[in-house]
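# Reading the structure
Residue-level listing of the chains:
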Amino acid sequence: MHDLSSQGASQGASLIALPEHTRSPWWELGRRLLAAFGILAGTVLLVMIDRSGYRDAGDATPTDPLGTVSLVDAIYYTTVTLSTTGYGDIAPVSDQARLVNAFVITPLRIAFLVLLIGTTLEVLAQRGREMFRIARWRKHMGHHVVVIGYGTKGRSAVDTLVNNGLERDHVVIVDPSPVALAEAHADNLAVITGDATRREVLRRAGIATADQVIVTTDRDDTNVLATLTVRQLNPDAFIVAAVREQENAPLIRQSGADSVIISADAVGRLLGLSTLSPTLGTVMEDLLTYGDGLEVAERDLLVSEVGVPPQSLPDQVIAVVRDEKVYRYFDPVVTLLARGDRLVVVRPARELPWAPRPGTHNEDFATDDDDEG
């Protein structure tokens with residue numbers, strides 16, 4: 001999981017944060033190994049160019065008493081020199097060769113060692129840090145939200161949750177796409193890459209301890225199978241699933257979804273309303289758009305609101321939830337509000353869905369656990 005960076009800005013100035021490009025540790029290792037081989041090849045070339053300044057005591061013969069250095073000798077000398085082994089059988093004898101060793105080959109030797117040792121330590125440290133972070137994340141993960149599918153609908157669902165107070169650390173994305181992986185990481189979200197219809201993938205996402213699961217892949221058959229698998233692994237989770245076609249809604253409900261959103265029909269209705277009445281379409285779009293204008297919200301009942309009609313509240317009440325059943329505001333069952341009721345209201349989007357309206361002076365919620373006084 002990526003850490004959120006804090007940003008600040010002084011008056012008249014702003015900070016620019018560019019996206020961080022992260023690569024695999026194995027890519028970094030391969031790149032550095034290529035650099036190491038480049039150092040080896042460059043050193044061999046230097047020795048071969050100035051081979052007349054080197055003498056090989058081990059290869060001295062009556063016909064070649066000075067021990068001329070060959071290509072094999074240059075490779076051998078380079079490897080034992082850069083690795084600091086230094087057997088001494090091949091040595092620079094001319095001033096030029098010694099100066100090249102002092103000012104060129106010695107820095108190359110240091111760079112070679114730093115490159116290899118630093119790469120090894122960095123890879124080990126990075127893998128160790130990642131394993132520690134994952135272990136710590138799993139230890140503290142629970143009562144979280146799992147989002148299966150990080151396309152347009154999945155991103156919008158996460159944005160709504162985060163904008164309404166849910167910490168990003170409590171959201172886990174499950175998606176097999178590398179594009180979704182990059183986008184979720186850019187949004188500072190934990191990602192499990194894999195097929196959500198497989199039990200092992202869902203277990204890695206901590207599905208057994210999740211409170212809510214959102215299923216929103218691009219295929220209805222995948223949504224049905226993923227919902228069924230989630231329900232088998234977590235009988236208590238609240239599952240919200242999206243389907244494209246109306247005819248698949250009963251099937252996904254039978255698979256264990258608590259709430260089913262028919263995306264194609266919802267978009268079609270909005271298009272139809274906008275055609276028949278542009279004004280009504282604008283209002284519906286306002287209700288579906290987060291952060292501006294009006295918004296549908298659910299909140300608890302306040303003590304001061306017990307025993308009054310829903311129509312008399314400052315909020316525009318459209319439904320009342322009583323004993324886990326939803327009643328329209330005009331239903332005779334909810335003519336007067338009672339303790340334990342929850343209200344579904346339309347109100348300004350700037351207010352959190354579960355919060356009392358401003359101006360209630362921090363009044364207590366009217367829950368079933370309160371004393372009647």
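Here, the structure is the one placed above.
Keep in mind it's a predicted model, so treat the numbers as computed, not measured.

### Considering the pattern of salt bridges
Enumeration over the complete set of coordinates arrives at nine salt bridges. When the shortest N-O distance is used, the salt bridge between Glu305 and Arg299 registers 2.8 Å. Residue class for Glu305 comes out buried when judged on its relative accessible area of 7%. Within the structure, one salt-bridge network assembled from shared partners comprises Arg299, Glu305, Asp315 and Arg347.

### With respect to the sheet that holds strand S7 (residues 238-243)
A sheet is described by the order of its strands in space; here six strands give the open sequence S5-S4-S3-S6-S7-S8, paired in parallel fashion. Each of the sheet's edge strands pairs with one partner strand only, and the pair in question is strand S5 (190-192) and strand S8 (259-262). On average, adjacent strands in this sheet sit at an angle of 20 degrees to one another, irrespective of strand direction. As judged from the three bridges shared by strand S4 (residues 171-174) and S5, these two strands associate in the parallel manner. Across the sheet, the residue bridging to Val174 is Ile192, located in S5. Sitting on the sheet, helix H7 (residues 220-233) is in contact with strand S3 (145-148), strand S6 (212-215) and S7, with an inclination near 170 degrees to S7.

### Points about the environment of Thr229
Along the chain, Thr229 falls in helix H7. Given the relative accessible area of 6%, Thr229 is considered buried. Setting aside residues no more than four positions away along its own chain, Thr229 makes contact with Thr197, Arg199 and Leu202.

### Remarks on the sheet that holds strand S11 (residues 325-328)
Here we have four strands laid out as an open sheet, ordered S9-S12-S10-S11, and antiparallel in their pairing. A strand with exactly one partner marks an edge of an open sheet, and here the two such strands are strand S9 (294-300) and S11. Across the sheet, the axes of successive neighbouring strands diverge by a mean angle of 30 degrees, strand direction being ignored. Looking at chain direction, strand S10 (residues 316-322) and S11 are connected through four bridges and run antiparallel. Residue Val320 lies in a different strand from S11, and its bridge partner there is Tyr327.

### Thoughts on the pairing of S7
Remember that side chains alternate between the two faces of the sheet whenever the strand is regular. Where S6 lies against S7, four bridges are found, and the strand directions are parallel. Its bridge partner lying in S7, Val213 is registered against Ile239. Bridging between S7 and S8 involves four bridges; their strand directions are parallel. Paired with Ala241 across the bridge in S8 is Val260. Note that the unit made of S7, helix H8 (residues 249-254) and S8 has a crossover that is right-handed.

### Quick look at the environment of Lys153
One can find Lys153 in helix H4 (residues 152-163). Dropping the residues within four chain positions of it, Lys153 is found in contact with Thr216, Thr217, Ala242 and Ser263.

Scoring rules and cut-offs
- Counting restarts for each chain, with residues numbered from 1 along the sequence as it is written.
- In view of the model being predicted, local features appear only for residues whose pLDDT reaches at least 70, and side-chain atom pairs are presented and counted only at 80 or more, with totals across whole chains, interfaces and linings using the full set of residues.
- Derived side-chain values reflect all non-hydrogen atoms in the structure, with water molecules and hydrogen atoms excluded from consideration.
- The salt bridge definition used is simple: a Lys or Arg side-chain nitrogen within 4 Å of an Asp or Glu carboxyl oxygen.
- Exposure categories follow from relative accessible area, calculated using a 1.4 Å probe and restricted to protein chains: below 20% of the type maximum is buried, above 50% is exposed, and the middle band is partly exposed.
- Here a strand pair is declared whenever DSSP counts at least two bridges between the two strands.
- Secondary structure is summarised from DSSP: a helix means a run of H or I of at least four residues, a strand means a run of E of at least two, and numbering begins at the N terminus for each.
- Each axis is a line fitted through C-alpha atoms, and for a helix only the stretch in contact is used; angles between axes span 0 to 180 degrees, taken between their N-to-C directions.
- Throughout, a residue-residue contact means that at least one pair of heavy atoms, one from each residue, lies within 4.5 Å.
- For a crossover, the right-handed case is the one in which the path from the first strand over the helix to the second runs clockwise, viewed with the strands pointing away from the viewer.

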